[in-house]
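Listed here are the chains, written in short residue letters.
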Amino acid sequence: MLMYGWMKWVEIAPQRYDWAVTVMTFGRLDHIKERIANEVRAGDHVLDIGCGTGTLAVRCLRKSAYVTGIDSSKYMIEQTQRHASEAGLADRLVVVQDSVTQLRKHFGDGSFDLIVSTMVLGEFPREYLSYVMRDCRALLRPGGRLIIADEVLPDRLLTRIFYAIGLGLLWIPNFLLLRRPLFPIADLPGVIRAGGFQIKSIESWAASSFKMVSAESPILDAATPGMVP
Amino acid sequence: MMTRIKDLGWELFHIFFRHFNFPCKLGLINVGTPGENSPVFLSGNYTLTVQRVLRKLRGIDCYLLVANSRGSNVWCAAGMNEFSEYDVIDAINVANLGNLVKHRRIIAPVYSAPGVDISAVKRETGFNIKWGPTHLDDLPRFIAAGFKRTNDMFQVKFGLQDRLEQAVSTAWCYTMTIALIGLVWPIFFFTVSGLIFFVYLFGFTLYPLFPEERHWRRTLTITALLTTAMALWALWSGWATADFLLWEGVLVAVCLLMAMDCCGSTPLHKSTIKHWLLNGDYNSHFSPVIDPSLCINCVQCILVCPCDVFAARRDAENTVVVVKPDRCEECLACFKQCPTDAIFNRSGEVKGDVKSIPNLEVLAARDWSHLKSEDRWIGAATGLRGGLPIVLEGRTTNAPTVPPRRAASESAATSLIEIGQ
Ligand SMILES: C[S@@+](CC[C@H](N)C(=O)[O-])C[C@H]1O[C@@H](n2cnc3c(N)ncnc32)[C@H](O)[C@@H]1O
Ligand code: SF4
Ligand code: SF4
């Protein structure tokens, strides 16, 4: 009976995503999405990796960008589309249902000015992230930007210990609400830098357990194509 | 010795916390010293499964590809859209498997079939998914047989060990839930917890001895047995009537809890609480029937069904038919895998909680009135040929060829658990 209720709860979880995310991040995420959208310039081609219900994508559309959302969940893709249509902005939105390691199957090199992703990549281990970063580097035009916001492992040992305790306490609500095991990344900026980006800014929240990293794809001279080694 | 103790400690820990997810690291694990021709096995990233598989693979040079099942066991995850073709594709991409091995074959737990669309994996990565044995314990035999499933490796079993683990992990969840009562009323808490453990262990250990759940028969039998035992004990030790009534109430509540757990503790389970309350059985909503004009005879449905629902026709025609629809436990693996949507649904309904199949509700509600004549295969005699169940045509009768529903398949999904590799 308990298990059944629990399953039901999970089953309807996607519909509760938006508020579940808001609750789990104490409202921080909405603020961060607003900040990210402020970086968008009119006419930019933006890729939102793991677009979810489209809250960030719609914000970017409002800034007159062309937005491509990719997400592996059909339900989420439909939500993004629905929200964009409701805002009357669906004509500048493209959605793709596929996974994060498949980016280069869909988009050509240098096809985006900005790549954003919030609360998606934190689930993946370092090798996956490096893979995605390499792809992002190829997909961004030289001088293009990458903004990633996610849960990370805090910088200092002592905070890490407190964080581990907090995570332990949050584990059950997180599990019930989001269905997303948290694997906070250690050294997110390092992974991004290793992908060939120049870090522009790093901002931290909640005792450095949540970071927003803004990076730029370096402008290469004509001799080197925009490819990654 | 130390590893043995460590293994045992982990096993125990995981038995108690079976209903929680314990993710382990994703990626490719080298078992022994694999090379470019070594076999590749797939697993989800549930810690216990990976540990068990690695133990089974000891001494074999191979790769184990651990893909993201969100820390849950594969069967659960696949049924809840938490382990899909995308997770397998990601794992293949990141491991750069295509360059690592020469062949293009991955042996996957058949329990991933409700979630992993093998044609998508093939299209995106070039790798063919081949289904392994249903039970992880059969892996060594599967390998020894030249990566073939033998006849006994298809059906889901719900053996004593699975049942005990299921009983303990579920009872443990309930005792944790009522733990707060222990702070104010410890004696009551400990007695109730003891009772929960006892009822679950009793019910699950003796599972095959109880009658099948038809008109609440099993639940009533168990409740009556335990009530009688308690009444005798109460008489023997001279309980006050009020005490007896209190504990009888608790006992009935726990028995009810167990009955309802049997219908919904997993997303793959065959029934809903509502169905059980109204009908007194655990039959699934989904009831497959195949359209022979759409079936291309790929036999995927036979390969992925853990309940022996399908059989192939090999005499007058080469198609697959449904012979034992009442055994179905609605895992929807066949529905997910059928490349031509040839499988229709007699009931028009699904439980509605497997979400990795696009348009599930629409497909499951399609009109099947043109397939009424396909019911003639229900109960047909079957035999095994090369591991595949074949309809023995000409011997189709209404004779009692359908073996009594095995308790095992009836609530196999309760054991989603570890048999789900
Ligand atoms: C926590 S939500 C975040 C959604 C949105 N970015 C936001 O911040 O509100 C994570 C999203 O990532 C998607 N996702 C998870 N794994 C993915 C994968 N391997 N490929 C693509 N999308 C994935 C999920 O479907 C989900 O929509
Ligand atoms: S999976 Fe579909 S096409 Fe293949 S044998 Fe079964 S019913 Fe026929
Ligand atoms: S027939 Fe039922 S049990 Fe067999 S694969 Fe299909 S849904 Fe699962």
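Residues numbered from 1 in each chain as written. Chains lettered and ligands numbered in written order. Predicted model: local features only at pLDDT ≥ 70, side-chain atom pairs only at ≥ 80, totals over all residues. Heavy atoms only, no water.

## Some points on the overall build of chain A
Scanning chain A from terminus to terminus reveals nine helices and seven strands. Expressed as a percentage of contacts within chain A between residues at least 6 apart in sequence, the contacts between residues at least 24 apart total 70%. (Helix = DSSP H or I, 4+ residues; strand = E, 2+ residues; numbered from the N terminus. Contact = heavy atoms within 4.5 Å.)

## Quick look at the overall build of chain B
Across its full length, chain B holds 18 helices and eleven strands. Relative to its length of 421 residues, chain B is compact, with a C-alpha radius of gyration of 23 Å against a globular reference of 22 Å. Reported as C-alpha extents along the three principal axes, the dimensions of chain B are approximately 75 × 60 × 35 Å. Going through the 421 residues of chain B one by one, you find that 58% of them count as buried. When contacts within chain B are restricted to residue pairs at least 6 apart in sequence, those whose partners lie at least 24 apart make up 68%. As displayed, chain B has an accessible area near 17,200 Å², and 63% of this comes from carbon and sulfur atoms. (Rg over C-alpha atoms; globule rule 2.2 N^0.38 Å. Buried < 20%, exposed > 50% of the residue type's maximum accessible area, 1.4 Å probe, protein only. Areas by Shrake-Rupley, 256 points an atom, 1.4 Å probe, with all protein chains shown as cover.)

## Side note on unusual backbone geometry
Phi is positive for Asp187(A), close to 60°, though the residue is something other than glycine. Mapping Asp187(A) onto the fold places it in the loop between α8 (157-178) and α9 (188-194). Unusually for a residue other than glycine, Trp216(B) sits at a positive phi of about 55°.

## Description of the site of ligand 1
Taken together, 21 residues are adjacent to ligand 1, and Lys33(A), Gly50(A), Asp71(A), Ser99(A) and Thr118(A) come closest. At the site occupied by ligand 1, nearby residues are drawn from chains A and B. Between an oxygen atom of ligand 1 and a side-chain N or O atom of Lys33(A), the distance comes to 2.7 Å. At a separation of 3.2 Å, a nitrogen atom of ligand 1 approaches a polar side-chain atom of Asp90(B). (Near = heavy atom within 4 Å. Polar contact = N/O pair within 3.5 Å; in protein donor to acceptor, adjacent residues only side chain to side chain.)

## Section: the pattern of salt bridges
Opposite charge on two side chains permits them to pair, given that their charged atoms come into close proximity. Residue and element names in this part refer to chain B. Applying the stated criterion to the full structure yields 26 salt bridges over all chains. Among the salt bridges present, the one from Asp137 reaches Lys56, with a minimum N-O distance of 3.6 Å. A residue pair is termed long-range when its members are at least 10 positions apart, and Asp137 in the loop between β5 (128-131) and α7 (139-144) and Lys56 in helix α2 (residues 47-56) qualify at 81 residues. Judged by its relative accessible area of 53%, Asp137 is exposed. For Lys56, a relative accessible area of 30% translates into the label partly exposed. Through salt bridges with shared partners, one network takes in Asp7, Glu11, Arg52, Arg55, Arg58 and Glu165. (Salt bridge = Lys/Arg side-chain N within 4 Å of Asp/Glu carboxyl O.)

## Comments concerning the site of ligand 3
Taken together, Phe286(B), Pro288(B), Cys305(B), Val309(B), Phe310(B), Cys328(B), Glu329(B), Glu330(B), Cys331(B), Leu332(B) and Cys334(B) make up the full set of residues near ligand 3. Tallied by class, residues from the shell around ligand 3 come to nine nonpolar, no polar and two charged. (Nonpolar A, V, L, I, M, F, W, Y, C, P; charged D, E, K, R; others polar.)

## Quick look at helix α6 (residues 118-125) of chain B
The set of residues buried in α6(B) consists of Ile118(B), Ala120(B), Val121(B), Glu124(B) and Thr125(B). Here the buried residues of α6(B) occupy an arc of 155° about the axis, which is enough to place them on one side. Tucked inside the fold, the buried residues of α6(B) contact α6 (103-106) of chain A together with α4 (85-95), β5, α14 (300-304) and α15 (333-337) of chain B. Following α6(B) by one or two positions, Gly126(B) adopts a phi angle in the positive range, close to 85°. (Arc of directions from axis to C-beta.)

## Concerning the packing of aromatic side chains
Residues and elements named next belong to chain B. The tally for this structure, following the rule as stated, stands at 20 aromatic pairs over all chains. Aromatic side chains Tyr200 and Phe204 sit 5.9 Å apart centroid to centroid with 10° between the ring planes, which places their arrangement in the stacked category. Taken together, the positions of Tyr200 and Phe204, both in helix α10 (residues 186-205) and four residues apart, correspond to about one turn of that helix. Classification of Tyr200 as buried rests on a relative accessible area of 0%. Here the aromatic residues Trp10, Phe13, Phe16, Phe17, Phe22 and Trp172 are joined through ring pairs into a cluster of three or more. (Phe/Tyr/Trp six-rings, centres within 6.5 Å; stacked < 30°, edge-to-face > 60°.)

## Here's the deal with the confidence of the model for chain B
All names here are of chain B. Across chain B, the average pLDDT comes to 85, with 90% of residues at 70 or higher. For residues 264-268, every residue scores under 50 in pLDDT, and the model assigns this stretch 27 contacts once sequence neighbours within four places are set aside. Here residues 396-421 is a poorly scored stretch, pLDDT under 50, and it has 95 contacts once near neighbours within four places are set aside; other chains count. Across the predicted assembly, pTM comes out at 0.85 and ipTM at 0.85. (pLDDT = per-residue confidence, 0-100.)

## Some points on the side chain of Arg92(A)
Residue and element names in this part refer to chain A. Considering the arrangement of structural elements, one finds Arg92 in the loop between α5 (74-86) and β3 (93-97). Buried within the structure, Arg92 lacks any salt-bridge partner; its nearest side chain of opposite charge belongs to Asp91, at an N-O separation of 4.9 Å. Beyond its immediate stretch of four places on either side in the chain, Arg92 contacts Leu61, Ser64, Ala65, Tyr66 and Val67. (Lys, Arg positive; Asp, Glu negative; His and termini not counted.)

## Overview of helix α11 (residues 217-236) of chain B
Residue and element names in this part refer to chain B. In a regular helix each residue adds 1.5 Å, so 20 residues correspond to 28 Å; α11 covers 28 Å between its end C-alpha atoms and thus fits that length. If you check which residues of α11 are buried, you get Arg218, Thr219, Ile222, Thr223, Leu226, Thr227, Met230 and Ala234. Taken end-on, α11 shows its buried residues confined to a sector of 155°, consistent with a single buried face. Exposed side of α11, more than 90 degrees from the buried face: Leu220, Leu232, Leu235 and Trp236 are the residues found there. Positive phi appears at Gly238, one or two residues downstream of α11, with a value of about 60°. (Expected span 1.5 Å × (residues − 1).)

## A few points about the packing of helix α3 (residues 28-38) of chain A against helix α4 (residues 55-62) of chain A
Residues and elements named next belong to chain A. Two numbers describe how α3 lies on α4: the axes approach to 9 Å, and their chain directions differ by 35°. α3 and α4 meet at a crossing whose hand is right-handed. For the pair α3 and α4, contact is made by Asp30, Lys33, Glu34, Ile36 and Ala37 and by Thr55, Leu56, Arg59 and Cys60, respectively. Of the residues belonging to the contact of α3 with α4, the class tally is four nonpolar, one polar and four charged. (Axes fitted to C-alpha atoms, helices over the stretch in contact; angles between N-to-C directions. Left-handed = near helix turned anticlockwise from the far one by under 90°.)

## Details of the sheet that holds strand β6 (residues 198-205) of chain A
Residue and element names in this part refer to chain A. Spatially, the seven strands line up as an open sheet ordered β3-β2-β1-β4-β5-β7-β6, and their pairing is mixed. Edge positions in the open sheet fall to β3 and β6, since each of these has one partner strand only. The average undirected angle you get between the axes of adjacent strands in this sheet is 15°. The sheet contact formed by β6 and strand β7 (residues 210-216) spans seven bridges and is antiparallel. The residue bridging Gln198 from the neighbouring strand is Glu216, located in β7. Docked against the sheet, α3 engages β4 (112-118), β5 (140-151), β6 and β7, running at close to 10° with respect to β7. (Pairing = 2+ DSSP bridges.)

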